[in-house]
Amino acid sequence: MKKISCLILGLILMLSIGFSNFTVYAEESQIAPNSKSAVLIDAVSGEVLLSQDVDKKLPVASIVKLMTLKITFDKIDKGELSLDDELIASEYACSMGGSQLFLDPNTKHKLSDLLKSVIVASANDSSVVLAESISGNENAFVKEMNTTASVLGLRNTLYTDCTGLREDQYSSALDVAKLSSIVFDHPTYKQYAKIWYEEYTHPSGRVTEIANTNKLIRTLDGCEGGKTGTTDSAGYCLSILTKRNDMSLIAVVLGADSTKHRFEDNKNLINFGFANFENHKILSVDTSISVLENNNVKPKNVELYPSKDFGIVARKGATVTS
């Protein structure tokens, strides 16, 4: 009997319980008392577990870079870019302020190193190099960012740059959570997200230090990665992914009044989620869903298996039927 991993069935199930129909289990105005907006979701199904002004349009600073990463990952997956590709840093890219890898104009850098600096240290200059290499210039890349946002159903999001430095753009906690669930699941993101500190050697021999802006990597049990953002108008923002046992949660806080409160609100959301919710496995990769019979082929019977484990997150003690 032949075994087949049923990717299509898995996708249908994901769509039936996923982002197209978020269910809010609780609407609490003070789940993140120091932040303007917040949400806690199950990273796999997209179910909203806690929410606070989730659709409010707010500046999100460097969290904009999640879309820059998403588009870059898409190009890698399509074979249009390789992690070993060398990209040239323009003078414009090197003129960015804020967090940087401090690239020198007209120097070449591996795509893998540029991505690492964006994921770990939120490097603005590296982000622009990615944008220019993909679309020719940042303005053209921003158009692709907004097109992708529309395709993904990010209804409360508008981009005007690839870094988050400009103040005339916005997103919402729910949109950030949706995008985070995609970006945080990519193998390249996972490869770099937990790096705490590294040194990067430039072509000239100069060394730049990069340190992780997500301090919860070291202080929150199960934290797998995240994206920070800070500007005067955005305040302090953070999206993180945390895994414990067989459940993965994403928490987003926007507009916190301090970096301390940003991490505090987010940590409290995550801990509340794991204390009050649990994952009920519906399908397992090890368990056959059904058997197809075809007398015209050998072997006659074909077993169908889900492409990955699927489950439903619900409050602890709740009865879940499938």
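Residues numbered from 1 in each chain as written. Predicted model: local features only at pLDDT ≥ 70, side-chain atom pairs only at ≥ 80, totals over all residues. Heavy atoms only, no water.

Helices and strands together make up the secondary structure of the protein chain, namely 10 helices and 14 strands. As displayed, the protein chain offers around 14,600 Å² of accessible surface, 50% of which is attributable to carbon and sulfur atoms. (Helix = DSSP H or I, 4+ residues; strand = E, 2+ residues; numbered from the N terminus. Areas by Shrake-Rupley, 256 points an atom, 1.4 Å probe, with all protein chains shown as cover.)

Before going further, it helps to examine the side chain of Thr 160. The residue Thr 160 is located in the loop between α6 (138-151) and α7 (173-183) in this model. Since its relative accessible area comes to 16%, Thr 160 is described here as buried. Each residue touching Thr 160, except ones within four places of it in the same chain, is listed here: Val 142, Arg 166, Asp 168 and Gln 169. (Buried < 20%, exposed > 50% of the residue type's maximum accessible area, 1.4 Å probe, protein only. Contact = heavy atoms within 4.5 Å.)

Right, let's get into the confidence of the model for the protein chain. Reading fine detail from the predicted coordinates is not recommended where pLDDT is low. Mean pLDDT over the protein chain stands at 88; residues scoring 70 or higher make up 81%. When the criterion is pLDDT under 50, residues 1-25 qualifies, and its contacts beyond four places in sequence or with other chains add up to 57 contacts. (pLDDT = per-residue confidence, 0-100.)

So, about the pattern of salt bridges. Tallied over the full model, the rule gives 10 salt bridges. Between Glu 80 and Lys 75 there is a salt bridge, with the nearest N and O atoms lying 3.6 Å from each other. Overall, Lys 75 belongs to the buried group, its relative accessible area being 14%. Across the pair Asp 168 and Arg 166 runs a salt bridge whose closest N-O atoms are separated by 2.6 Å. Look at the salt bridges and you will find they share partners, linking Lys 75, Glu 80 and Glu 144 into a network. (Salt bridge = Lys/Arg side-chain N within 4 Å of Asp/Glu carboxyl O.)

Before going further, it helps to examine the nonpolar core. In a soluble, globular protein the nonpolar side chains are often hidden away together inside. Grouped together as the largest cluster of nonpolar side chains are 63 residues, with contacts concentrated most on Met 145 and Tyr 159. Of all the elements, helix α4 (residues 111-121) adds the most residues to this core, at seven residues. Contact partners of Tyr 159, with chain neighbours within four places excluded, come to Val 64, Met 67, Val 142, Met 145, Asn 146, Ala 149, Leu 154, Gln 169 and Leu 179. Judged by nonpolar contacts, the second largest core, of 22 residues, contains Leu 40, Ala 251, Leu 269 and Phe 277. (Core = buried A, V, L, I, M, F, W, Y, C linked by side-chain atoms within 4.5 Å.)

As a further point, take helix α2 (residues 65-77). Its 13 residues give α2 an end-to-end C-alpha distance of 18 Å, which sits within 8% of 18 Å, the value for a rise of 1.5 Å per residue. With 11 of its 13 residues buried, α2 lies for the most part within the structure. Within the span of α2, buried status applies to Lys 65, Leu 66, Met 67, Thr 68, Leu 69, Lys 70, Ile 71, Thr 72, Phe 73, Lys 75 and Ile 76. Residues of α2 that are buried sit in contact with α4, α5 (124-135), α6, α7, α8 (187-192) and β8 (223-231). In the stretch just after α2, Gly 79 is the one whose phi turns positive, near 80°. (Expected span 1.5 Å × (residues − 1).)

Spatial ordering of the open sheet is given by β3-β2-β10-β9-β8, a layout of five strands whose pairing is antiparallel. Only two strands of the sheet have a single neighbouring strand rather than two, namely β3 (48-52) and β8. Pairwise comparison of adjacent strand axes, ignoring direction, gives a mean angle of 5° for this sheet. The sheet contact formed by strand β2 (residues 37-42) and strand β10 (residues 247-256) spans six bridges and is antiparallel. Bridge pairing in β10 places Leu 40 opposite Ala 251. (Pairing = 2+ DSSP bridges. Axes fitted to C-alpha atoms, helices over the stretch in contact; angles between N-to-C directions.)

What follows is about the packing of aromatic side chains. The final tally for this structure, using the stated rule, is one aromatic pair. Across the ring face of Phe 263, the terminal group of Arg 262 is positioned such that the distance to the ring centre comes to 5.0 Å. (Phe/Tyr/Trp six-rings, centres within 6.5 Å; stacked < 30°, edge-to-face > 60°. Lys NZ or Arg CZ within 6 Å of the ring centre and 35° of its normal.)

Here the focus is the pairing of strand β6 (residues 197-201). Bridge analysis of β6 against strand β7 (residues 207-211) gives five bridges, and the strand direction is antiparallel. Bridging from a neighbouring strand, Tyr 200 pairs with Thr 208 of β7.

Once that is clear, we can look at the packing of α2 against α5. Running from N to C, α2 and α5 point in directions that differ by 45°, and their axes come no closer than 10 Å. Between α2 and α5, the angle is such that the two are oblique. Crossing geometry of α2 relative to α5 is assigned as left-handed. Across from Lys 65, Thr 68, Ile 71, Thr 72 and Lys 75 in α2, the residues of α5 making contact are Asn 124, Ser 127, Leu 130 and Ile 134. (Parallel < 35°, antiparallel > 145°, perpendicular 65-115°, else oblique. Left-handed = near helix turned anticlockwise from the far one by under 90°.)

Attention now goes to the packing of α2 against α6. Running from amino to carboxyl end, α2 crosses α6 at an angle of 90°, the nearest separation of the two axes being 10 Å. Judged by the angle between their axes, α2 and α6 are roughly perpendicular. Contact residues: Met 67, Thr 68, Lys 70, Ile 71 and Lys 75 in α2; Phe 141, Glu 144, Met 145, Thr 148 and Ala 149 in α6. In terms of residue class, the contact of α2 with α6 is built from five nonpolar, two polar and three charged. (Nonpolar A, V, L, I, M, F, W, Y, C, P; charged D, E, K, R; others polar.)

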